[in-house]
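Below are the chains, spelled out letter by letter.
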Amino acid sequence: MAPKQKKKSSRGKKSPKPVLAASEDMEPVNMESMGHPEIYPLVLTTKTQEIFSCQIDEDVTDEQPYKLINKEDIFEDLRNRAAVSDFHPVKKIVQEYPGNELLLVYDRDFKYGLNFYLIGTEEGKESYLNPPEVPEEQEEYKEHIPEDVYIYKLPVSKPWVSLGSEKEIEEESVTESTKQITYMISRKRSEFGAPIKFSDQNASSVKDAYIECTAYPDKNFTLKQLEKDVGMQVIPQIKDISTQTKWTYPKNATTQYYPREFSEEEKETLKQSKPLVDFLNNASISVEIALQQNEIMNTFIDDWKYLAEEEGTFGDKTDTHLKEYQSFTDLHSPTEKMITCVSWHPTIYGLIAVSVAVRLSFEDRVHFSGKLLLQPSLILFWSFSDPIHPQLMLESPDDIFCFKFCPSDPNIIAGGCINGQIVMWDITAHADRIENIKAGGGRSKRATLKPMFLLEPESNKEAMYIRHCAVSSIENGHKKVITDIHWLSDTFEINRMGSVFENRSGICCQLVTCSADCTICFWDIRPQKLLTPQTTEKKKEESIEIPFDVPSTFLHLDLSWKPLTKVRLSKGETSLDYCPTKISLNEDHLLCKTQDKMLAQSKTEKAEEMNPYHNLESGMANLLKPIDDFCTKFFVGTEEGEVIYTDWKMEKDPETGRLMSKKPVSHHTVHDGTVHTIQRSPFYNDIILTVGGWNVAIWKEGVMTGPLLQSCCAPKRYTSGHWSLTRPGVFYIGREDGYIDIWDLLEKTHEPAQSQNICITMITYIKPWIFSSKQQFIAIADYYGTLHILEIPWTLSRPSTNEMASVNHYFEREVKHLEYVEQRKKIREQEKKEMELEMAKKKVEIAVPSHRALSSKRGHHVQVPASKKREESMHKTQGQCFPYSKCSINLC
Amino acid sequence: MNEWTNTGREPDPLPSSLAGPTAPGLGEPQAEVEETLKRIQSHKGVIGTMVVNAEGIPIRTTLDNSTTVQYAGLLHHLTMKAKSTVRDIDPQNDLTFLRIRSKKHEIMVAPDKEYLLIVIQNPCE
């Protein structure tokens with residue numbers, strides 16, 4: 001409620017103003033919400049206050065907060081200042097104002113929000129100026145008031161009419177019915193805070209200490225139950241037990257124990273005790289029955305399952321022929337060439353390398369040596385995708401007779417030359433060229449057969465001639481043709497003495513070669529630490545320009561490469577030495593397996609950043625301790641058909657102090673011609689296949705008495721051989737008439753299981769290779785320079801379920817056979833001696849026939865004239881051959 | 001002590017009543033034990049034989065110590081379990097022989113009140 005100012009007004013200046021036409025749309029804000037619709041709050045700036053002389057604290061004060069302003073003055077102001085005028089918001093009201101003077105009140109307390117307010121009606125003005133004291137005046141006002149103006153009236157209190165609510169209130173109210181009792185309790189102050197003593201007392205002893213309300217049976221509430229439903233179930237006795245344990249954090253605890261055992265004396269006493277004896281007698285009966293049952297038959301065999309051998313086969317199961325896949329011939333070479341060695345690329349599918357040599361005898365070579373010098377001797381890289389153009393051609397100073405890819409880096413190739421040099425190639429630079437060859441199955445469309453004169457060398461498939469990057473020293477190396485070359489495994493290395501050390505470099509860095517000059521040399525491709533400083537001779541050599549496209553991997557070796565050790569295969573006192581043709585080392589079974597391929601790939605990936613072959617460091621053989629129990633023995637096949645088992649470790653001759661090679665451990669003459677294949681089985685490390693002359697022999701390392709299997713003489717000479725890579729009992733032999741004999745040890749051991757014609761001429765090399773579990777190829781090289789690739793059928797590539805065990809068993813049986821023969825030999829000797837004794841007795845009277853008895857293990861006695869040698873005897877009995885695995889001659 | 005004199009002739013054969021048991025070797029129980037065990041061991045495919053007492057402590061064995069101890073301990077428990085199983089099902093029954101066939105070989109256990117005879121055989125080649 002607005003307080004009413006009860007001050008009398010004193011009229012101030014009045015200046016009538018003309019009425020302005022109301023053209024405002026804006027509705028002025030009034031205080032209707034507060035119950036005073038006629039009050040319009042206004043803000044009057046100082047300027048306005050000056051104009052209307054209603055300045056605060058000057059014209060309008062607390063005593064007289066209002067001012068009567070003429071309407072015309074307002075209108076003039078509105079005209080003068082238009083929107084800027086403070087009266088602009090209330091323009092409408094001013095226009096509608098009936099009277100002449102408007103009341104402007106100073107709102108000191110900002111009751112209506114602004115510092116001034118205008119009373120917009122006459123009545124309001126009047127009521128403000130003359131506040132009504134009598135309600136009748138208000139009623140009069142009310143009558144005068146137009147209906148749209150509401151005048152606030154105070155509520156008038158009426159007498160209260162009871163509607164019954166006071167009763168509720170009375171009920172609800174809380175009244176004190178009784179007078180409050182007050183107690184005053186006092187206690188001595190010293191007793192406050194004193195220690196409290198509690199004591200017990202019996203409640204019943206003290207009178208009135210407790211009140212109880214005892215229960216009593218009330219007859220009204222007792223009911224006698226006459227029937228009861230009861231169910232029963234039997235359960236095992238259950239016991240619930242719980243215990244409180246002290247929880248501690250988990251701890252690791254260990255216990256160590258040893259079993260209780262009896263001492264020896266206790267065992268002895270027990271043994272003699274009667275109960276044990278009785279027990280054993282009784283128990284052994286049932287045990288022996290059970291043992292015999294097992295021996296008779298295996299009752300748990302699933303016969304049905306054992307009937308089936310293989311899960312599924314690809315292709316025709318009966319197809320056992322090698323299928324022609326592709327063949328490669330070099331059409332560019334002018335002279336006739338033969339293939340001397342074949343090697344599949346270890347990692348790239350479909351890439352195969354062959355070394356070709358002119359097929360001339362020694363005299364012809366000498367005769368045509370001038371012409372031969374002009375033609376490069378090559379190693380050709382063939383790919384399945386292009387049968388006409390070789391992918392790469394590696395040049396060498398002379399014909400290569402054997403070569404090998406380095407197992408740790410397939411871009412390094414080592415080859416043995418006809419002149420006794422070792423040639424090294426590094427094709428890292430061209431590796432990407434050959435890697436991106438897509439080996440399609442069969443001919444590609446582009447490789448159509450064109451006549452030779454149309455073949456352009458600048459075509460897309462131009463063959464790259466890659467020069468060798470190192471050759472060994474001519475003076476220090478071999479003097480004659482190198483017949484076999486192998487990389488030593490990357491796990492060990494040897495030194496000058498032949499002792500074996502651990503190979504820390506992780507790569508294959510040593511080679512072993514054998515040559516027709518009766519030596520076996522070990523070579524190291526790492527730079528040797530020079531003991532003496534080089535003289536000026538070296539400088540002269542250095543001035544030789546190296547062609548720019550030759551990698552400098554083996555520059556340190558070029559022309560100065562000396563072998564590490566030379567092992568001379570001497571026969572002893574005679575000057576004739578063994579002339580090795582092939583060797584087989586212990587670690588040579590890294591032929592190829594897909595597992596090894598992956599290892600090799602991972603190795604090459606690692607070495608991509610830093611190819612170890614480009615940063616060869618000298619060996620650490622001097623620093624490391626030799627490995628003692630390494631088997632340094634190896635097999636050598638010779639030109640005369642002997643198989644020698646010898647040691648490469650050198651020993652010091654006690655007299656001269658020089659290093660000498662040891663004598664061979666054992667040697668056997670088994671073959672009638674040059675041994676051209678000595679190979680370890682990929683499945684058994686100690687089974688070796690030797691092929692030479694007209695027969696085949698299988699040996700076991702460690703069995704010195706002879707070969708496990710020696711085949712009888714074949715009608716045609718055997719010229720090459722290889723184990724199968726997936727079947728332990730299968731090996732391939734190539735003949736001189738172009739046939740390939742496939743032997744299966746589980747099928748027949750006296751003759752080949754199969755024979756197939758491949759070409760018309762002598763087969764010079766056989767090399768099978770696995771590409772996948774379904775695809776296996778065999779590369780067969782012939783004397784006329786053609787390389788045939790054949791696909792091995794399913795039956796020949798997939799081993800049967802127990803093949804490995806069966807072949808193992810077969811070999812063990814053969815070993816036992818040999819032992820048996822040895823024993824029989826001794827028995828025979830004894831018998832011989834006895835016979836001789838008897839003969840000697842009769843010698844006096846009867847002339848002894850000069851026959852020698854030839855006894856074999858089967859007890860056949862074949863009598864042969866004494867003067868002939870054993871080899872000839874073999875030839876004589878060629879027509880009817882018995883597969884002797886061990887022959888011996890007993891001389892009388 | 002008897003004195004031996006060389007009478008120059010061969011000794012008289014013993015009367016048959018004094019002849020020992022016809023088992024080869026001696027008649028002492030110790031040798032009999034050995035002989036039985038050797039007989040069992042010589043069967044085809046037998047890998048090992050052992051005699052174990054009631055607590056699982058080996059008495060005689062043909063295998064090495066650690067294997068023996070392992071077999072003895074484990075099989076002893078298993079035999080006890082098997083025995084109690086059989087007797088639980090039928091209290092008047094008892095375990096006479098236990099054969100465990102595995103992929104590689106067969107283990108035979110002959111239990112007794114005080115001892116166990118364990119034989120390991122490889123039944124197939």
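Further up the page is the structure itself.
Small disclaimer: the values here were computed from a predicted structure and weren't measured.

Colleague: Explanation requested: the pairing of strand β29 (residues 695–700) of chain A in the structure shown.
Modeller: A regular strand places its side chains on the two faces of the sheet in alternate fashion. Residues and elements named next belong to chain A. In terms of residue burial, β29 counts as a mostly covered element, since 6 of its 6 residues are buried. Alignment of strand β28 (residues 687–692) against β29, held across 6 bridges, turns out to be antiparallel. Along β29, the bridge assignment pairs isoleucine 687 with lysine 700. The turn joining β28 and β29, which pair antiparallel and follow one another in sequence, is formed by 2 residues; a positive phi near 65° is taken by glycine 693. Pairing of β29 with strand β30 (residues 709–710), which is carried by 2 bridges, proceeds in the antiparallel orientation. Note that in β30 the partner of alanine 697 across the bridge is glutamine 710.

Colleague: It is not clear to me how the sheet that holds β28 of chain A should be interpreted in this structure. Could you clarify?
Modeller: Within a beta sheet, neighbouring strands are joined by backbone hydrogen bonds and run either parallel or antiparallel to one another. Overall, antiparallel pairing links the 4 strands, which are arranged β27-β28-β29-β30 (chain A) in an open sheet. Edge strands, defined here as strands with exactly one partner in the open sheet, are β27 (675–680) and β30 of chain A.

Colleague: Just checking my understanding: could you explain the packing of aromatic side chains for this structure?
Modeller: One pair of aromatic rings is described through two measures. These are the centre distance and the angle between the planes. All names here are of chain A. This structure, assessed with the given rule, holds 22 aromatic pairs over all chains. Both rings, one in phenylalanine 403 and one in phenylalanine 405, keep their centres 6.3 Å apart while their planes meet at 65°; by these two values the pair is edge-to-face. As far as burial versus exposure is concerned, phenylalanine 403 and phenylalanine 405 are alike and both buried. Here a set of aromatic residues connected by ring pairs shows up, and it is made of Tyr325, Phe328, Trp344, Tyr349, Trp382, Phe384, Trp769, Phe771 and Phe777. For arginine 187, the ring lying beneath its charged end belongs to phenylalanine 192, and the centroid distance is 5.0 Å.

Colleague: Is there a simple way to explain the interface of chain B and chain A in this structure?
Modeller: Counting residues at the interface gives 37 residues for chain B, matched by 30 residues for chain A. Between chain B and chain A, roughly 3100 Å² of surface is buried when both sides are summed, and carbon and sulfur atoms account for 63% of that area. For chain B, the biggest contributors to the area lost against chain A are Ile59, Arg101 and Tyr115 of chain B; these three give 18% of the whole. For the salt bridge of arginine 39 of chain B with glutamate 288 of chain A, the shortest nitrogen-to-oxygen distance reads 2.8 Å.

Colleague: Even after reading the chapter, I still don't get a negative patch on the surface, so can you show me in this structure?
Modeller: Among the surface-exposed residues, Glu168, Glu170, Glu171 and Glu172 of chain A lie close enough to one another that they form a single negatively charged patch. With respect to the helices and strands, the residue glutamate 170 of chain A is situated in helix α6 (residues 165–172).

Colleague: What is the right way to look at a nonpolar patch on the surface in this model?
Modeller: Residues and elements named next belong to chain A. On the surface, a cluster of nonpolar side chains totalling about 480 Å² of accessible area is made up of Ile181, Tyr183 and Ile185. Mapped onto the secondary structure, isoleucine 185 falls in the loop between α6 and α7 (264–272). The exposure class of isoleucine 185 is exposed, given its relative accessible area of 79%.

Colleague: I tried to follow the nonpolar core on my own but got confused; where do I start?
Modeller: The nonpolar side chains of a soluble globular protein tend to be buried with one another. Of all hydrophobic cores here, the largest spans 40 residues; its most connected members are Val342, Trp344, Ile352, Phe381, Leu787 and Ile789 of chain A. Not counting residues within four places of it along the chain, the set of residues in contact with phenylalanine 381 of chain A comprises His345, Leu351, Ile352, Ala353, Pro390, Gln391, Leu392, Leu394, Phe405, Ile413, Ile427 and Ile434 of chain A.

Colleague: Teacher, can you tell me more about the sheet that holds strand β1 (residues 46–53) of chain B here?
Modeller: Residue and element names in this part refer to chain B. Judged by pairing direction, the sheet is antiparallel, and its 5 strands sit side by side in the order β2-β1-β5-β4-β3 without closing on themselves. Two strands in the sheet have a free side with no partner beyond their single neighbour: β2 (58–61) and β3 (98–101). With strand direction ignored, the average angle separating the axes of adjacent strands in the sheet is 15°. When β1 meets strand β5 (residues 115–121), the two strands line up antiparallel, connected through 7 bridges. By the bridge assignment for β5, threonine 49 is matched with valine 119.

Colleague: Any chance you could explain the pattern of salt bridges here in plain terms?
Modeller: Oppositely charged side chains are able to pair whenever their charged atoms sit close together. Applying the stated criterion across every chain yields a total of 17 salt bridges over all chains. In this structure, arginine 727 of chain A and aspartate 744 of chain A form a salt bridge, with 3.4 Å as the shortest nitrogen-oxygen distance. Here arginine 727 of chain A, found in the loop between β31 (718–723) and β32 (730–735), pairs with aspartate 744 of chain A, found in strand β33 (residues 739–744); they are 17 residues apart in sequence, far enough to count as distant. For aspartate 744 of chain A, a relative accessible area of 8% translates into the label buried. When salt bridges with common partners are traced through the structure, they connect Glu288 of chain A together with Glu35 and Arg39 of chain B into a single cluster.

The rules behind these values
- Residues numbered from 1 in each chain as written.
- Chains lettered and ligands numbered in written order.
- Predicted model: local features only at pLDDT ≥ 70, side-chain atom pairs only at ≥ 80, totals over all residues.
- Heavy atoms only, no water.
- Buried < 20%, exposed > 50% of the residue type's maximum accessible area, 1.4 Å probe, protein only.
- Helix = DSSP H or I, 4+ residues; strand = E, 2+ residues; numbered from the N terminus.
- Pairing = 2+ DSSP bridges.
- Phe/Tyr/Trp six-rings, centres within 6.5 Å; stacked < 30°, edge-to-face > 60°.
- Lys NZ or Arg CZ within 6 Å of the ring centre and 35° of its normal.
- Contact = heavy atoms within 4.5 Å.
- Buried area = accessible area lost by both parts, 1.4 Å probe.
- Salt bridge = Lys/Arg side-chain N within 4 Å of Asp/Glu carboxyl O.
- Patch = residues over 30% accessible without salt bridge, like charges linked within 9 Å, V, L, I, M, F, W, Y side chains within 5 Å.
- Areas by Shrake-Rupley, 256 points an atom, 1.4 Å probe, with all protein chains shown as cover.
- Lys, Arg positive; Asp, Glu negative; His and termini not counted.
- Charge placed at Lys NZ, Arg CZ, Asp CG, Glu CD.
- Core = buried A, V, L, I, M, F, W, Y, C linked by side-chain atoms within 4.5 Å.
- Axes fitted to C-alpha atoms, helices over the stretch in contact; angles between N-to-C directions.

Worth remembering: the numbers are spatial, not functional.
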